[in-house]
Amino acid sequence: MRSEFGKRCVLAAAVLVLFDAGAFSARAQQAIQNGDVLTGQLNAMRSRANGKRINTFQLVSEPRRLPPPNGLCGLETGPETFQIVTSSDAQVAQLKGFIGKEVSLKIDEVSCAEDAGQMSEAVVTKWSVMTKH
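Procedures and definitions
Residues numbered from 1 in each chain as written. Predicted model: local features only at pLDDT ≥ 70, side-chain atom pairs only at ≥ 80, totals over all residues. Heavy atoms only, no water. Patch = residues over 30% accessible without salt bridge, like charges linked within 9 Å, V, L, I, M, F, W, Y side chains within 5 Å. Areas by Shrake-Rupley, 256 points an atom, 1.4 Å probe, with all protein chains shown as cover. Salt bridge = Lys/Arg side-chain N within 4 Å of Asp/Glu carboxyl O. Lys, Arg positive; Asp, Glu negative; His and termini not counted. Charge placed at Lys NZ, Arg CZ, Asp CG, Glu CD. Helix = DSSP H or I, 4+ residues; strand = E, 2+ residues; numbered from the N terminus. Buried < 20%, exposed > 50% of the residue type's maximum accessible area, 1.4 Å probe, protein only. Pairing = 2+ DSSP bridges. Contact = heavy atoms within 4.5 Å. Polar contact = N/O pair within 3.5 Å; in protein donor to acceptor, adjacent residues only side chain to side chain. Arc of directions from axis to C-beta. Axes fitted to C-alpha atoms, helices over the stretch in contact; angles between N-to-C directions.

A. Layout of a positive patch on the surface. A grouping of R46, R48, R53 and K96 is seen on the molecular surface, where their side chains present a positively charged patch. Counting through the fold element by element, R46 comes out in strand β1 (residues 37-49). Taking relative accessible area as the criterion, R46 reaches 71% and is therefore assigned exposed.

So this is what it looks like as C-alpha cells:
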C-alpha cells in the first residue's frame with residue numbers, strides 16, 4: 001500500500017514539474033509589445049561615460065522575446081536583463097527608490113543591446129513606472 005502511494009506521489013510531482021516547465025516556456029515565448037508591463041528586481045550599476053559617473057539601472061525579469069527586427073536577443077528564451085535608460089534627473093530620482101526592490105515598468109521602446117560593453121541583453125529607452133512605493 002505504501003509503495004503505491006509513493007509511486008503516485010512521484011508521478012504527481014513529475015507531472016507538476018513538466019507542467020510548470022511548459023508554462024515557463026510559453027511565457028518566455030511572448031514578445032514584449034509597446035505598452036506591456038515588465039516586472040522584476042531593479043539594480044543600480046556603476047558606469048562611466050566621458051570620464052563622468054552616470055546612473056545606470058538594470059531590471060532583471062523573466063525572459064521575454066523582443067518583436068522583430070530585434071527578435072534575435074537570446075534566441076532560446078529572449079533577454080532577462082534590461083538596461084533602463086534615464087533621460088532626466090527626475091527619472092533617476094524616480095528609480096532610486098526602487099533599487100533592490102521589485103518594480104513594474106510600462107515599456108514603450110525596447111531593443112537588443114548592440115555594444116559589447118553593455119551589461120544588459122536589452123535596452124529600454126522609453127518607460128514609465130507602474131509600481132508605487
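The discussion continues.
B. Region of interest: the pattern of salt bridges. For the structure on display, the rule yields two salt bridges. Residue R64 is joined to D36 by a salt bridge in which the shortest nitrogen-to-oxygen separation is 3.4 Å. Placement of R64 in the loop between β2 (52-61) and β3 (81-84) and of D36 in the loop between α1 (2-29) and β1 is noted, with a sequence separation of 28 residues between them. Residue classification places D36 among the partly exposed positions, given a relative accessible area of 26%.

C. The pairing of strand β4 (residues 102-112), seen in detail. Strand direction decides the pairing type here: β1 and β4, joined by five bridges, are antiparallel. Across the sheet, residue G40 finds its bridge partner in β4, namely V103. Examined bridge by bridge, β4 and strand β5 (residues 122-129) share seven bridges and lie antiparallel to one another. Across the sheet, the residue bridging to C112 is A122, located in β5.

D. Just the environment of S61, in detail. Mapped onto the secondary structure, S61 falls in strand β2. Non-local contacts of S61, meaning those with residues more than four positions away in its chain, are made with L38, T39, G40, E80 and F82. Reaching out from S61, the side chain makes a polar contact with the backbone oxygen of T39 at a distance of 2.7 Å.

E. Main features of helix α2 (residues 89-96). By the burial criterion, the buried members of α2 are Q91, V92 and L95. All buried residues of α2 lie within an arc of 100° about the axis, which places them on one face of the element. Exposed side chains of α2 directed beyond 90 degrees from the buried face belong to D89, A90 and A93. Where the residues of α2 are buried, they touch β1, β2, β3, β4 and β5.

F. Up close: the side chain of Q91. Locating Q91 in the fold gives a position in helix α2. The exposure class of Q91 is buried, given its relative accessible area of 18%. Those residues in contact with Q91 that sit more than four places away from it in its chain are V85, T86 and W127.

G. Region of interest: the sheet that holds β5. In space, the five strands of this closed barrel follow the order β1-β2-β3-β5-β4, with mixed pairing throughout. Averaged over all adjacent pairs, the angle separating strand axes in this sheet is 50°, with direction ignored. Bridge analysis of β3 against β5 gives three bridges, and the strand direction is parallel. In the strand pairing of β5, I84 is matched with V124.

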